[in-house]
Amino acid sequence: MPEYKAPLRDIKFVMNELLDSEQHYAKLEGAEDATPDMVDAIIGEGAKFCEQVLSPLNQVGDNEGCSWSEDGVKTPTGFKEAYQQYVEGGWPSMTADPNYGGQGLPHSLGLVMSEMVGTSNWSWGMYPGLSHGATNTIEAHGTEEQKQTYLTKLISGEWTGTMCLTEPHCGSDLGTLRSKAEPNADGSYAITGTKIFISAGEHDMAENIVHIVLARLPGAPEGTKGISLFIVPKNLPNEDGSSGERNAVSCGSIEHKMGIHGNATCVMNFDGAKGWLIGPENRGLNCMFTFMNTARIGTAIQGLGAAELGFQGSLAYAKERLAMRSLSGPKNPEGIADPIIVHPDVRRMLLTQKAVAEGARALIYLTAQQADIVHSGKSEEDRKAADEALGFLTPIAKAFLTEIGYESANLGMQVFGGHGFISEWGMEQNVRDARIGMIYEGTTGIQALDLLGRKVLMTQGESLKGFTKQVHVFCKENADNEQLKEFLEPLAALNKEWGDLTMKIGMTAMKNREEVGAASVDYLMYSGYAVFAYLWARMAKVALDKMADGTSEELFYNAKVQTARFYFKRMLPRAKGHAESMLAGADSLMDMPEEAFAI
Ligand SMILES: Cc1cc2nc3c(=O)[nH]c(=O)nc-3n(C[C@H](O)[C@H](O)[C@H](O)COP(=O)(O)OP(=O)(O)OC[C@H]3O[C@@H](n4cnc5c(N)ncnc54)[C@H](O)[C@@H]3O)c2cc1C
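Residues numbered from 1 in each chain as written. Predicted model: local features only at pLDDT ≥ 70, side-chain atom pairs only at ≥ 80, totals over all residues. Heavy atoms only, no water.

As recorded in an unreviewed UniProt entry, the protein chain goes by the name 3-methylmercaptopropionyl-CoA dehydrogenase, listed as coming from Marinobacter lipolyticus SM19. UniProt, in its Function (unreviewed entry) section for the protein chain, records the words "Involved in the assimilation of dimethylsulphoniopropionate (DMSP), an important compound in the fixation of carbon in marine phytoplankton, by mediating the conversion of 3-(methylthio)propanoyl-CoA (MMPA-CoA) to 3-(methylthio)acryloyl-CoA (MTA-CoA)." As recorded by UniProt, the Cofactor (unreviewed entry) comment attached to the protein chain reads in full: "FAD". (UniProt positions renumbered as here; feature names shortened; annotations may be inferred.)

This is the structure in C-alpha cells:
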C-alpha cells in the first residue's frame, strides 16, 4: 500500500491560486475565522493525522475487515483508537453550527479534510462521513429539542450517524419503500422494517448511533410523496442527554463485499423502534436531499482519492522499476534497463491519473464553494444562484469523478504490471475500494437522469446556461492571449456544442421520452469532460501567468501547463465519442425485444 502523502502544494494551488478562497471566505456570513493562517494550520494538522494515523490503517482494514456477533460489530484493529484521536482533535465539529458546539468553519474547508481522510483510508472515513450528513440533516430540519439532544452529540463526535434509505427490494426507486412508522401516544413513532446496505450501521467506535430513517406513516400517499424522515437512535437518550436504554433496532448481519472491508455494511432491523419525526410529514425525501447532496459531493471525493492514491503509488513505482530501453535510446545507460517512466504508454497512464486527480480537486473545491454560498451567502440572490450551480455540478461531480477515478485506480494498478495484481502493493485494494463509488449515493445511471432530465431539460437548459455563460466569459476575456489559444479554441467550440447537443436531445425527447434515458450517461460524461476542459484551461492560465511573472516554482507551474496540454490533446477527444453516441437515438437500445436478448 502506498504511504499517503497529502498533496498540500496542489491543495493550496486550487484553493488559493485557482479559486481565491481568501476572497471567497471573506464574502461569507460567519466565516471570519477562516483566515489564510488558520486555513493553513488546519490543513497542515489534518494532513499529519491522515498520513500518520489513517494511512497505516488502510491495509489493516482491508485485511481484517469487520466482524459481526450478537453483541455487535467489531471494526478492524486501530479504527476505534484512530476515531478517538479524531474526536479529541475536534475534527467532527469543524464545519458544524457553533450554537451546538461546532466551529462554524466553511464547508469547503471541511471537504479538504474529507479529501485527505478519504484518500488515506476511505473505509475509515465513511464512519465520520455519514455522521456529517446526519448532522447536516438535523441542523437543517430538526426541532430545537432534537438539535440539543442529537446534534450536540454528533458534533462532538461522541455519537455517529447513518443514512437508512435502502430496503431489500429498492435502492434507486425509494418511492416503493415499505418501512412503517406508527404514531405512539407520547408523540414518538414505532418504526418497523428492514434496511439493507447501511454503512456504519453498527460498530464499536462510538457509544451511540443516530439513524436517519425513511419510513411511511399510516395512510400516507403512495410513491415518493408519502415518505417521512425519522431520527431513530440505537440507544434512547436519557433525560441528562447521555446514552440510555437500548432501542429496538439491531444489526442482523454484515455484508461480505468486494472492497471497503473496513467499513461495516449492515442489515438493520427496526422492530417497533422508537423514533421521532424530522421535518414535515410526507416530506421526508425532500429533507433527505440535504443529506444526499452532502453525501454525493462526499462520494465524488472517492473518485478523486482513488486517482490520487493510484497516482502516488504508481509514480513512485514507475521511477524505480526497470524494463527495456527507451525507444529513443537508453536513458539509464549504467543500469540493466531504463525505468518504465520513459515509455510513452506508462506516461499515458501516469498523466491520465494526474489529470484526473488534479482536475477532480478543482471540480470538487469549486462545487464546495457553491455549497458554502448556499449555506452562508450574504444575499438571497447569491444563495439562489449558488444553489442552481450546485444542483447542476453535483451529479457531474458524483458520477463523472467516480467513473474516471475508478479508471485511474485501474491504471495505477496497470503501471505495476503483475505486481499491481498482488495485494502487498495496495493497488488492487484501491481498485476494489473505488468500485462502489459508481453505485451508492445514486448510480451513474441515476445521476445522469438527474442531470439531463431534472437539472437541464426541466429548467429549459437554464442551469446549463448558467455554467456555459461563465465559460464563454472566460474564453472572451482571454481571447487575445496567444499562449492560451491551444486551450481556448477547443473549449469555446465545446461550450457551443454542449448547448447544441442539449437542444437536439430536448427536441427528440419531446417526441419520445426514452431518448432522455438513452442519451443521459453519454450526456453526463460529455458534461464532465467539458467541465474539466474549463477547469484545466483556467489552471493553465494561472500557471502561465505565474511563469510570466517569474517564479521559483517553475517545475510545478510547468507541470500544470503540460498536464493541461495532455488533457486537451489526449482525454478531451473522448467527448466527441460521447457526443456521437448520445445522438444515436433510443432505437438501437429499445428495438430489441426483451425475449431476444438471450438468443
Ligand atoms: C457498500 C454499500 C454501501 C451502501 N451504503 C448505503 C447507506 O449507507 N445507506 C443506504 O440507504 N444505502 C446504502 N447503499 C445502497 C446503495 O445506495 C444502493 O445499492 C444504490 O442506490 C442502488 O440501488 P439498488 O442496489 O437497489 O439498485 P437498483 O435500484 O435495483 O438498480 C439496479 C440497476 O438498475 C439501474 N436503474 C434503476 N432504475 C433505473 C432507471 N430509472 N433508469 C436507468 N437505470 C436504472 C441502476 O442504475 C442499476 O444499474 C449501499 C450499498 C452498498 C453496496
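Our next topic: the overall build of the protein chain. Scanning the protein chain for helices and strands turns up 19 helices and 11 strands. For the protein chain, whose C-alpha radius of gyration is 24 Å, the value lies close to the compact-globule estimate of 25 Å for 599 residues. Taken along the three principal axes of its C-alpha coordinates, the protein chain extends 80 × 60 × 60 Å. Put simply, the protein chain has 599 residues, and 57% of those count as buried. Taking contacts inside the protein chain between residues at least 6 apart in sequence as the whole, the part at least 24 apart equals 74%. (Helix = DSSP H or I, 4+ residues; strand = E, 2+ residues; numbered from the N terminus. Rg over C-alpha atoms; globule rule 2.2 N^0.38 Å. Buried < 20%, exposed > 50% of the residue type's maximum accessible area, 1.4 Å probe, protein only. Contact = heavy atoms within 4.5 Å.)

Okay, the pattern of salt bridges next. The final tally for this structure, using the stated rule, is 28 salt bridges. Of the charged contacts in the structure, one is a salt bridge between glutamate 462 and lysine 465, with a shortest N-O distance of 3.2 Å. Of this pair, glutamate 462 and lysine 465 both sit in helix α14 (residues 462-477), 3 residues apart, which is roughly one turn of the helix. Its relative accessible area of 44% is what places lysine 465 among the partly exposed residues. (Salt bridge = Lys/Arg side-chain N within 4 Å of Asp/Glu carboxyl O.)

The next thing to look at is the pairing of strand β3 (residues 159-164). Within β3, 6 of the 6 residues are buried, which leaves the element mostly enclosed by the surrounding structure. Note that β3 and strand β6 (residues 208-215) share 6 bridges and pair parallel. By the bridge assignment, methionine 163 is partnered in β6 with isoleucine 212. (Pairing = 2+ DSSP bridges.)

The next subject is unusual backbone geometry. Its identity is not glycine, yet asparagine 282 carries a phi of approximately 65°, on the positive side. The phi angle at glutamate 441 is positive, at roughly 60°, despite the residue not being glycine. Its place among the elements puts glutamate 441 in the loop between α12 (427-435) and α13 (444-456).

Another point: the packing of aromatic side chains. All chains considered together, the criterion is met by 24 aromatic pairs. Note on phenylalanine 467 and tryptophan 498: the rings are 5.9 Å apart at their centroids and 75° apart in plane angle, and the pair reads as edge-to-face. Note that phenylalanine 467 is positioned in helix α14 and tryptophan 498 in helix α15 (residues 485-511), a separation of 31 residues in sequence. Using a relative accessible area of 1% as the deciding quantity, one classes tryptophan 498 as buried. Three or more aromatic residues joined by ring pairs form one cluster here, namely Phe400, Phe487, Tyr529, Phe532, Tyr567 and Phe568. Over the ring of phenylalanine 556 we find arginine 9; its NZ or CZ atom is 4.3 Å from the centre of that ring. Over the ring of tyrosine 406 we find arginine 435; its NZ or CZ atom is 5.5 Å from the centre of that ring. (Phe/Tyr/Trp six-rings, centres within 6.5 Å; stacked < 30°, edge-to-face > 60°. Lys NZ or Arg CZ within 6 Å of the ring centre and 35° of its normal.)

On to the site of the ligand. Close contacts around the ligand come from 19 residues, with Met163, Thr166, Ser172, Phe197 and Thr443 the closest. Threonine 443 is positioned with one of its side-chain polar atoms (N or O) 2.6 Å from an oxygen atom of the ligand. Elements represented by at least two residues in the shell around the ligand include exactly β3, β5 (189-199) and α13. Top element by residues in the shell around the ligand is β5. It accounts for 3 residues. Its residues assigned to classes, the shell around the ligand shows 12 nonpolar, 6 polar and 1 charged. (Near = heavy atom within 4 Å. Polar contact = N/O pair within 3.5 Å; in protein donor to acceptor, adjacent residues only side chain to side chain. Nonpolar A, V, L, I, M, F, W, Y, C, P; charged D, E, K, R; others polar.)

The residues that UniProt annotates with the feature "domain: Acetyl-CoA dehydrogenase-like C-terminal" (unreviewed entry) are residues 467-593. Annotated as 83% helix and 0% strand, the span residues 467-593 places its first and last C-alpha atoms 40 Å apart.

Turning next to the nonpolar core. Met116, Trp124, Leu401 and Leu491 are the most contacted members of the largest nonpolar core, which totals 169 residues. Per-domain counts for this core show at least three residues from each of domain 1 (288-448) and domain 2 (461-591). When residues no more than four places from it in sequence are discounted, the contact partners of methionine 116 are Tyr4, Ala6, Leu8, Ile11, Ile43, Gly46, Ala47 and Cys50. Residues Ala306, Met349, Met413 and Ala434 belong to the second largest nonpolar core, which totals 18 residues. (Core = buried A, V, L, I, M, F, W, Y, C linked by side-chain atoms within 4.5 Å. Domains from an automatic or database assignment.)

Further remarks concern a nonpolar patch on the surface. On the surface, Phe421, Ile422 and Trp425 cluster together to form a nonpolar patch covering roughly 330 Å² of accessible area. The exposure class of tryptophan 425 is partly exposed, given its relative accessible area of 33%. (Patch = residues over 30% accessible without salt bridge, like charges linked within 9 Å, V, L, I, M, F, W, Y side chains within 5 Å. Areas by Shrake-Rupley, 256 points an atom, 1.4 Å probe, with all protein chains shown as cover.)

Okay, the packing of helix α6 (residues 107-120) against helix α10 (residues 344-376) next. Put simply, α6 and α10 touch, their axes get as near as 8 Å, and they point 145° apart. Crossing of α6 against α10: the hand is right-handed. Seen from α6, the contacting residues are His107, Ser108, Leu111, Val112 and Glu115; seen from α10, they are Arg361, Tyr365, Ala368, Gln369, Asp372 and His375. Residue composition of the contact of α6 with α10, by class: 4 nonpolar, 4 polar and 3 charged. (Axes fitted to C-alpha atoms, helices over the stretch in contact; angles between N-to-C directions. Left-handed = near helix turned anticlockwise from the far one by under 90°.)

A few words now on the domain arrangement of the protein chain. According to the domain assignment, the protein chain contains domain 1 (288-448) and domain 2 (461-591). If you look at the interface, domain 1 gives 27 residues, while domain 2 gives 23 residues. Interface area for domain 1 against domain 2, summed over the two sides, is near 2100 Å², with a carbon-plus-sulfur share of 82%. Counting every contact that joins domain 1 to domain 2 gives 2 salt bridges. If you look at where domain 1 meets domain 2, you find 3 residue pairs in polar contact (both at pLDDT 80 or more). Put simply, the parts of the chain that give the side of domain 1 that touches domain 2 at least two residues each are α10, α11 (380-415) and α13. When residues of the side of domain 1 that touches domain 2 are assigned to their parent elements, the largest contribution, 12 residues, is made by α10. By residue class, the composition of the side of domain 1 that touches domain 2 is 16 nonpolar, 5 polar and 6 charged. (Buried area = accessible area lost by both parts, 1.4 Å probe.)

Moving on, we get to the layout of surface pockets. Looking at the second largest pocket, its volume works out to about 600 Å³. Surrounding the second largest pocket, 16 residues form its lining, Ile341, Arg347, Leu350, Leu351 and Lys354 being those nearest its centre. Secondary structure elements with two or more residues in the lining of the second largest pocket: α9 (284-320), α10 and α17 (554-571). The biggest single contributor to the lining of the second largest pocket is α10, with 7 residues. Per-class residue counts for the lining of the second largest pocket are 8 nonpolar, 2 polar and 6 charged. Looking at which domains feed residues into the lining of the second largest pocket, each of domain 1 (288-448) and domain 2 (461-591) gives three or more. (1 Å grid on protein atoms, 1.4 Å probe; cavity = no way out; pocket = protein on both sides within 12 Å on 5 of 7 lines; lining within 4 Å. Points joined across faces, edges and corners; volume = space filled by probe spheres on them.)

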